[in-house]
Amino acid sequence: MKHPSDVMPKFPIGDSNKKEVLNVVAHETPDLYKVGISLTEPTFNIEFQVPTSSLGTLDVLPLELFDLVLRCSDMRTLSTLRYINRRTRLVVDASLPYKHIISSAPHIRATFERTGVASHFSVQQVFSVLTRPACSICGKFGMYLWIPECIRCCFTCLREAQETMPMTERDAQVAFGLHKNQKSKIPVMVTLPGSYTLFQKLRRRQVRLVSRKLAKQLGVVVHGGEDGLATYLSSSNSKAKAAYDQRCAADNRPIAYDSFGRINNTVDNMHRYISAVHFPYFDRASHTTHLGLACHGCQVALERGLEDDLPSLDDDALIRLRDQTYTEQGILDHLDECEDAQGLWLAFNKKRKFTRK
């Protein structure tokens with residue numbers, strides 16, 4: 001099969017036709033936005049009323065130093081600080097990292113509070129994720145925040161990557177020999193009732209989930225190093241540990257496969273979706289927020305592939321492309337590689353010329 005660049009010449013895209021090209025070849029993906037936690041919160045607005053109260057002992061700090069303190073504070077602390085009085089609310093809301101988080105992703109504050117992780121992640125940490133578009137696993141554009149580690153991920157990695165498969169708090173305890181007071185050192189998120197996945201499956205039961213990687217790292221610390229953890233794993237004979245090992249053995253049986261044809265029994269596991277939330281990308285250079293756009297051309301390619309009854313792995317590859325999202329510039333870059341998207345654009349221009357005649 002020829003590369004698209006061998007079939008169709010590149011065409012110029014400038015400021016004059018950029019918006020029109022995007023309207024033809026790209027579309028928003030509301031179904032993908034809602035596969036994880038869906039909460040709404042009023043749009044963020046700065047208050048301009050003159051405050052009558054003070055910051056108390058914090059008034060001695062220069063505003064620049066106070067802003068640095070706010071950046072290093074966790075999300076719960078800032079939410080609490082906002083409600084002390086009008087002046088603290090104005091100072092917090094004027095802090096650029098917090099301001100951009102709330103204006104670009106107004107739902108994130110409520111999501112962190114209700115899942116119980118707000119005290120684990122600093123404003124600067126969340127802002128850093130907000131302003132970096134790449135999935136932390138594969139490097140492509142990621143439109144989700146995976147809450148247990150506060151990392152960005154794309155839809156494919158959310159569905160099937162090992163890194164985004166959480167474990168229950170109970171499993172972490174028996175798997176790595178953690179005690180209740182020790183588990184407070186890593187984020188433990190409480191899942192929220194709601195509808196999840198592309199099929200909007202209702203989930204009412206709440207569970208407590210943690211990152212496997214962070215739980216293992218804590219286990220290494222608790223047991224005095226890798227060797228200590230290995231000794232625990234090989235010597236523990238508790239019933240809970242035995243039951244956990246049996247479940248792990250059952251999960252390793254070749255029952256399901258991921259989109260790359262690898263054995264992966266956790267693909268589309270509900271725990272993946274209930275531990276994620278849609279998270280826009282904020283471009284600091286242009287001061288624009290990107291929700292994530294998908295390619296119409298890739299949708300056309302998938303529909304044609306399904307009609308042609310392609311092998312399942314080929315279908316999976318087309319599904320991955322269909323579900324991949326981009327920034328506006330990312331879509332325009334993708335256009336040079338997507339023959340079907342180029343075809344849509346050329347067909348649109350031909351139709352327009354015919355209509356004008």
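Thresholds applied
Residues numbered from 1 in each chain as written. Predicted model: local features only at pLDDT ≥ 70, side-chain atom pairs only at ≥ 80, totals over all residues. Heavy atoms only, no water. Helix = DSSP H or I, 4+ residues; strand = E, 2+ residues; numbered from the N terminus. Buried < 20%, exposed > 50% of the residue type's maximum accessible area, 1.4 Å probe, protein only. Areas by Shrake-Rupley, 256 points an atom, 1.4 Å probe, with all protein chains shown as cover. Core = buried A, V, L, I, M, F, W, Y, C linked by side-chain atoms within 4.5 Å. Phe/Tyr/Trp six-rings, centres within 6.5 Å; stacked < 30°, edge-to-face > 60°. Lys NZ or Arg CZ within 6 Å of the ring centre and 35° of its normal. Pairing = 2+ DSSP bridges. Axes fitted to C-alpha atoms, helices over the stretch in contact; angles between N-to-C directions.

- Where an unreviewed UniProt entry is consulted, the chain appears under the name F-box domain-containing protein, with the organism given as Gymnopilus junonius.

1. Regarding the overall build of the chain
And then number 1: Along its length, the chain carries 20 helices and 12 strands.
And then number 2: Looking at the 357 residues of the chain, the share that counts as buried comes to 47%.
And then number 3: With the model as given, the accessible surface of the chain reaches about 19300 Å², and the carbon-plus-sulfur share is 54%.

2. A word on the nonpolar core
And then number 1: Core analysis: the largest hydrophobic core is formed by 55 residues, its most contacted members being Met 75, Ile 101, Ile 108 and Phe 112.
And then number 2: The next biggest cluster of nonpolar side chains, apart from the first, holds 16 residues, and it includes Met 167, Ala 172, Leu 178 and Ile 186.

3. Some points on the packing of aromatic side chains
And then number 1: Here the structure, examined in full by the defined rule, presents 4 aromatic pairs.
And then number 2: Considering the side-chain rings of Phe 112 and Phe 121, the 5.7 Å spacing of their centres and the 50 degrees angle between planes classify their relative orientation as tilted. As far as the burial class goes, Phe 112 and Phe 121 line up, both buried.
And then number 3: Ring centres of Phe 141 and Tyr 281 lie 6.5 Å apart, and the angle between their planes is 75 degrees; on these two criteria the pair is classed as edge-to-face. Here the residue Phe 141 occupies a position in the loop between α9 (123–130) and β2 (144–146), and Tyr 281 occupies one in strand β10 (residues 281–283), the gap between them amounting to 140 residues. Neither residue differs from the other here; Phe 141 and Tyr 281 are each classed as buried.
And then number 4: Sitting above the plane of the Tyr 83 ring, Arg 82 keeps its charged end 5.8 Å from the centroid.

4. So, the sheet that holds strand β3 (residues 151–153)
And then number 1: Pairing is antiparallel across the open sheet formed by 3 strands, whose spatial order is β3-β2-β9. Of all the strands in the sheet, just β3 and β9 (276–278) have a single pairing partner and so form its edges. Across this sheet, the average inter-strand angle for adjacent strands is 35 degrees, counted without regard to direction.
And then number 2: Relative to β9, β2 runs antiparallel, the two sharing 3 bridges. If you follow Trp 146 over to β9, its bridge partner there is Ala 276.

5. Things to note about unusual backbone geometry
And then number 1: The phi dihedral of Thr 197 is positive, around 70 degrees, even though this residue is not glycine.
And then number 2: Positionally, Thr 197 belongs in the loop between β6 (194–196) and β7 (201–203).
And then number 3: Despite not being glycine, Gln 200 has its phi angle at roughly 50 degrees, a positive value.
And then number 4: Tracing the chain through its elements places Gln 200 in the loop between β6 and β7.
And then number 5: Take Gln 200: its relative accessible area is 35%, and that puts it in the partly exposed class.

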